[in-house]
There are 2 protein chains.
Amino acid sequence: MLAFERKIQIVEFLRKHRVASVSQLSKEFNVHETTIRRDLAELEKEGFLHRTHGGVVVDQWFNSEPSFSERANEQLDEKKRIGKKAAEMIEDGDHIILDSGTTTIHIARNLVNRSNITVVTNDINIAAELRNAKGIRVIVTGGLLYHESFMLNGMITDQVLESLHVRKAFIATPAIHPQYGLTHPEAELVPTKQGMIRVAKEIFVVTDHTKIGKVSLHTVAPIDQLHHLITGSEAPESQIQQFKQADLNVVTV
Amino acid sequence: MLAFERKIQIVEFLRKHRVASVSQLSKEFNVHETTIRRDLAELEKEGFLHRTHGGVVVDQWFNSEPSFSERANEQLDEKKRIGKKAAEMIEDGDHIILDSGTTTIHIARNLVNRSNITVVTNDINIAAELRNAKGIRVIVTGGLLYHESFMLNGMITDQVLESLHVRKAFIATPAIHPQYGLTHPEAELVPTKQGMIRVAKEIFVVTDHTKIGKVSLHTVAPIDQLHHLITGSEAPESQIQQFKQADLNVVTV
DNA sequence: GCAGAATGCTCGCTTTTGAGCGGAAAATAC
DNA sequence: GTATTTTCCGCTCAAAAGCGAGCATTCTGC
């Protein structure tokens, strides 16, 4: 058997079994364990799988949990600060929208001990954070569950949003630009974010500084539909100024 | 077994059993207790679970409050059997509704490895159970979050239900009677259950035997709107007969 | 036969596991 | 309540399993 062929078959084998040990694969293909290790090292480098001591697991399995929590941990400290600041801008009696995201969840955490606030969200993790917050009314938008991120999206989500009216919406974004405004790489998530912006009087964009100045394929909202931008103090002053000139209230923490 | 694999399976084991002791896990995986302790220490650090003296419990929000889990543990074995049986009555390709409840969640658990099934639910715990089930499309109805039970209810829930059409609905109930049909003590939960019954072609009532023959204040549905009753074999034969005479297909497990 | 690649082998090194022991925490007795 | 017993935990050390790196061997195409 060709080395190349064997590597393909290893991936195939993993797709079926999800895990395999080096010795198991060695027997399966009748080659020395060293050879398997070499194959696995290369396959891992190419991103097909993830090695562990004694064997290997399919990358997606390995990724299923960590991918989200890892992502959540990038700029963790900054996101915590943003969450705290954003929560301070919410008043008792407010009805707000919290968009799904790893920054917005920190807003929710800062609301746990508040009272008389209604939170509308499409993020199950945010609902979970608020599950013991007796003073918070939580309305979940409903919709199709995205397994990876625990977010709800789709037609139902949009329909529910249409029937609501809230004071403030806190929108998460992977890209905001002083000219192109709010953009997003995934088309299917755009209508929901647009719906949130439409039904809220005041729009807060919350995002860590690495997203500032970026542009993605699909436009969610032009800059003049947004009112506040809360981000980390790591953001360069020059960019902040551009947003301020676009009439955005920029808050850095 | 690989160390990594074992750790994943420990989490999996916990998702099923909610709690486990070190010695129990040690036997389950045929490793020394020290090894389990090490695994648990790491998993706890990674935030997957919470250790206690002598064992471990899942640390995630979908593991609910004591009051809820205690309730869930009543007739636990019977509910497991009902869940398994109900899942067998769901076919690939089906679109179904799973009502919020401690019995219906066992149906969800039996669907995890199935594929091509669409599940509509108003229970966040059920959504959580199915979050890693790649073959299941999960649609959450949305609505006001009930903090204690992690259920969604209210106007939004009803509106969403109105726009759906499914094949089978699995309804949980605290009271079913051969003459008075499905009744419920809490008025505000009635419209949602009625909505579920209205939009589904085939209605399955799933409940443990202690609820049979009981009557509550508010009528949810007369007996002739229901089609199947799945309950434990603990239910007395005389009562079963009465339901059968009311033209209900009674399944005992 | 020869060059280059793939494979197998050996040897220290690292990671994981199992066992023992002192101390902490729960359970039980008083 | 307190004291005693039992169970469980964390720590350390040693054995076992697995690993990477370098080198020898085999295979392949010229």
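Structural notes, computed from the coordinates. These numbers were taken from a predicted model, which means no experiment stands behind them.

Here we look at the protein's contact with DNA strand D
So, step 1. Taken together, 17 residues lie around DNA strand D, and Val22, Arg37 and Gly54 of chain A together with Val22 and Gly54 of chain B are the ones closest in.
So, step 2. Every element with two or more residues in the surface near DNA strand D is listed here: helix H2 (22-29) and helix H3 (33-45) of chain A together with helix H2 (22-29) and helix H3 (33-45) of chain B.

Some details on the protein's contact with DNA strand C
So, step 1. Around DNA strand C lies a shell of 13 residues, among which Val31 and His32 of chain A together with Ala3, His32 and Thr35 of chain B are the nearest.
So, step 2. Listing elements by their share of the surface near DNA strand C, those giving two or more residues are H3 of chain A together with H3 of chain B.
So, step 3. Looking at which element gives the most residues to the surface near DNA strand C, the answer is H3 of chain B, with three residues.
So, step 4. Here the surface near DNA strand C is built from residues that sort into four nonpolar, eight polar and one charged.

Quick notes on the packing of helix H8 (residues 155-162) of chain B against helix H9 (residues 190-199) of chain B
Residue and element names in this part refer to chain B.
So, step 1. The geometry of H8 relative to H9 is characterised by a closest axis approach of 9 Å and an angle of 5° between their N-to-C directions. For the element pair H8 / H9, the angle class is roughly parallel. When H8 is examined against H9, the residues Thr157, Asp158, Leu161 and Glu162 are found in contact with a partner set consisting of Pro191, Thr192, Gly195, Met196 and Val199.
So, step 2. Here the residues of the contact of H8 with H9 sort into four nonpolar, three polar and two charged.

Here we look at the nonpolar core
So, step 1. Ala169 and Phe170 of chain A together with Ala169 and Phe170 of chain B are the most contacted members of the largest nonpolar core, which has 109 residues in total.
So, step 2. Ignoring anything within four residues of it in the chain, the contact list for Phe170 of chain A reads Ala86, Ile96, Ile97, Leu98, Asp99, Thr104, Ile107, Phe204 and Val206 of chain A.
So, step 3. Ranked by size, the runner-up nonpolar core spans 13 residues in total, among them Leu40, Val56 and Val57 of chain A together with Phe4 of chain B.

Quick word on the sheet that holds strand S10 (residues 176-177) of chain B
Residues and elements named next belong to chain B.
So, step 1. Ordered by their spatial adjacency, three strands build an open sheet running S10-S11-S13, and the pairing between neighbours is antiparallel. The sheet terminates laterally at S10 and strand S13 (218-221), the two strands that pair on one side only.
So, step 2. Sheet analysis places strand S11 (residues 181-184) next to S13, joined by three bridges and oriented antiparallel. Of the residues in S13, the one forming a bridge with Thr183 is Thr219.

Comments concerning the interface of chain A and chain B
So, step 1. Residue-level contacts link 28 residues of chain A with 24 residues of chain B.
So, step 2. Counting only elements with at least two residues in the side of chain A that touches chain B, the list comes to strand S1 (19-21), strand S3 (55-58), helix H8 (124-129), strand S6 (136-140), strand S7 (143-146) and helix H9 (155-162) of chain A.
So, step 3. For the side of chain A that touches chain B, the element with the most residues is S6 of chain A, which contributes four residues.
So, step 4. Its residues assigned to classes, the side of chain A that touches chain B shows 14 nonpolar, eleven polar and three charged.

Details of the environment of Val140 of chain A
So, step 1. Relative to the assigned elements, Val140 of chain A resides in strand S6.
So, step 2. Note on Val140 of chain A: 28 C-beta atoms within 10 Å, which makes it buried.
So, step 3. Distance in space between the C-alpha atoms of Val140 of chain A and Val160 of chain A is 9.3 Å, their sequence separation being 20 residues.
So, step 4. Ignoring any residue separated from it by four or fewer positions in sequence, one finds Val140 of chain A in contact with Thr121 and Ala127 of chain A together with Val140, Gly142, Gly143, Leu145 and Leu152 of chain B.

Overview of the pairing of strand S4 (residues 95-98) of chain B
Residues and elements named next belong to chain B.
So, step 1. In terms of strand pairing, S4 meets strand S5 (residues 117-121) through four bridges, oriented parallel. Counterpart to His95 in the pairing with S5 is Thr118.
So, step 2. Of the crossover connections in this fold, the one passing from S4 over helix H6 (residues 104-109) to the parallel S5 is right-handed.
So, step 3. In terms of strand pairing, S4 meets strand S9 (residues 166-172) through three bridges, oriented parallel.

Criteria and thresholds
Residues numbered from 1 in each chain as written. Chains lettered and ligands numbered in written order. Predicted model: local features only at pLDDT ≥ 70, side-chain atom pairs only at ≥ 80, totals over all residues. Near = placed C-beta within 6 Å. Helix = DSSP H or I, 4+ residues; strand = E, 2+ residues; numbered from the N terminus. Nonpolar A, V, L, I, M, F, W, Y, C, P; charged D, E, K, R; others polar. Axes fitted to C-alpha atoms, helices over the stretch in contact; angles between N-to-C directions. Parallel < 35°, antiparallel > 145°, perpendicular 65-115°, else oblique. Contact = placed C-beta atoms within 7 Å. Core = buried A, V, L, I, M, F, W, Y, C linked by C-beta atoms within 7 Å. Buried ≥ 20, exposed ≤ 12 C-beta atoms within 10 Å, placed from the backbone. Pairing = 2+ DSSP bridges. Right-handed = clockwise from strand over helix to strand, strands pointing away.

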